[in-house]
Amino acid sequence: MPLKRFLTASLMIASLGAAVASCETPAAAFPPATDLIVQPKPVPPDDVLTSRIAGERYDNAVEAWGEEGWAAVGRLCRFFDAMGMERLSCPPPVPPRPG
């Protein structure tokens, strides 16, 4: 009889372990922690008004900064939508840019 108790106890422990492992909420993966860090807006260089190249570089930096900020907002929105938050209108995921 001790063997039967041992097998029964082992089976109970294994089934409880499986039950506990399945208790996790099947929600979306957490967005990256960097999405919660406010990135500073690029600072224009001194020659932004006198150099066309400097102006274009600054415009590109501001554009990239804005796109990355809105991509982070989208990831957070989709995360909270998957968690069940109501009345959200989330943008679709942005595919990563090559290069």
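To start, this report covers the structure provided alongside it. Because the structure is predicted, anything quoted here is derived from the model rather than measured. The numbers attached to residues start from 1 for each chain and follow its sequence in the written order. Given that the model is predicted, a residue must reach a pLDDT of at least 70 before its local features are reported, and side-chain atom pairs must reach 80 or more before they are shown or counted; all residues, however, enter totals for whole chains, interfaces and linings. Side-chain numbers here rest on the full set of heavy atoms in the structure, without hydrogens or water.

With respect to the state of the cysteines
Then, in step 1: Throughout, disulfides are identified as pairs of cysteine sulfur atoms within 2.5 Å of each other. The full count for this structure, using the stated rule, is one disulfide.
Then, in step 2: Across the disulfide, Cys 77 is cross-linked to Cys 90 (sulfur-sulfur distance 1.9 Å). Handedness here is read from the sign of the S-S torsion; for Cys 77 and Cys 90, about -80 degrees, the answer is left-handed. With a gap of 13 residues between them, Cys 77 in helix α2 (residues 52-82) and Cys 90 in the segment after α2 connect regions that are remote in the sequence.
Then, in step 3: For the exposure calls, accessible area comes from a 1.4 Å probe over protein chains only, and a residue counts as buried if that area is under 20% of its type's maximum, exposed if over 50%, partly exposed in between. Judged by relative accessible area, Cys 90 falls into the partly exposed class, the value being 24%. Put simply, DSSP marks the helices as runs of H or I at least four residues long and the strands as runs of E at least two long, and each gets a number from the N terminus on.

Some details on α2
Then, in step 1: In this model, α2 (31 residues) spans 45 Å end to end at C-alpha, consistent with the 45 Å of a helix rising 1.5 Å per residue.
Then, in step 2: Within α2, burial applies to Ala 54, Gly 55, Tyr 58, Ala 71, Ala 72, Gly 74, Leu 76, Cys 77 and Phe 79.
Then, in step 3: Once α2 finishes, Gly 84 follows within two positions and takes phi at roughly 105 degrees, a positive value. The span expected for a helix works out to 1.5 Å for each residue beyond the first.

Let's talk about the pattern of salt bridges
Then, in step 1: Salt bridges are counted wherever a side-chain nitrogen of Lys or Arg sits within 4 Å of a carboxyl oxygen of Asp or Glu. Here the structure, examined in full by the defined rule, presents three salt bridges.
Then, in step 2: Between Arg 75 and Asp 35 there is a salt bridge, with the nearest N and O atoms lying 2.7 Å from each other. Of this pair, Arg 75 sits in helix α2 while Asp 35 is found in the loop between α1 (2-21) and α2, placing the two residues 40 residues apart along the sequence.
Then, in step 3: Residue class for Arg 75 comes out partly exposed when judged on its relative accessible area of 26%.
Then, in step 4: For Asp 35, a relative accessible area of 10% puts it in the buried group.
Then, in step 5: Each of Asp 35, Glu 68 and Arg 75 takes part in salt bridges that share partners, so that together they form one network.

Quick word on the packing of aromatic side chains
Then, in step 1: Pairing of aromatic side chains here covers Phe, Tyr and the six-membered ring of Trp, requires ring centres within 6.5 Å, and sorts the geometry by plane angle: under 30 degrees stacked, over 60 edge-to-face, intermediate tilted. Under the criterion given, the structure shown has two aromatic pairs.
Then, in step 2: Look at Phe 30 and Phe 79: their rings are 5.4 Å apart centre to centre, the planes differ by 40 degrees, and that puts the pair in the tilted class. Within this pair, whereas Phe 30 is found in the loop between α1 and α2, its partner Phe 79 is found in helix α2, the two being separated by 49 residues in sequence.
Then, in step 3: Overall, Phe 30 belongs to the exposed group, its relative accessible area being 71%.
Then, in step 4: Overall, the relative accessible area of 9% leaves Phe 79 in the buried class.
Then, in step 5: Taking 5.2 Å as the distance between ring centres and 70 degrees as the angle between the ring planes, the aromatic pair formed by Phe 79 and Phe 80 counts as edge-to-face.
Then, in step 6: You can call Phe 80 partly exposed: its relative accessible area is 40%.
Then, in step 7: Three or more aromatic residues joined by ring pairs form one cluster here, namely Phe 30, Phe 79 and Phe 80.

Remember that the coordinates give geometry; whether it matters functionally is a separate question.
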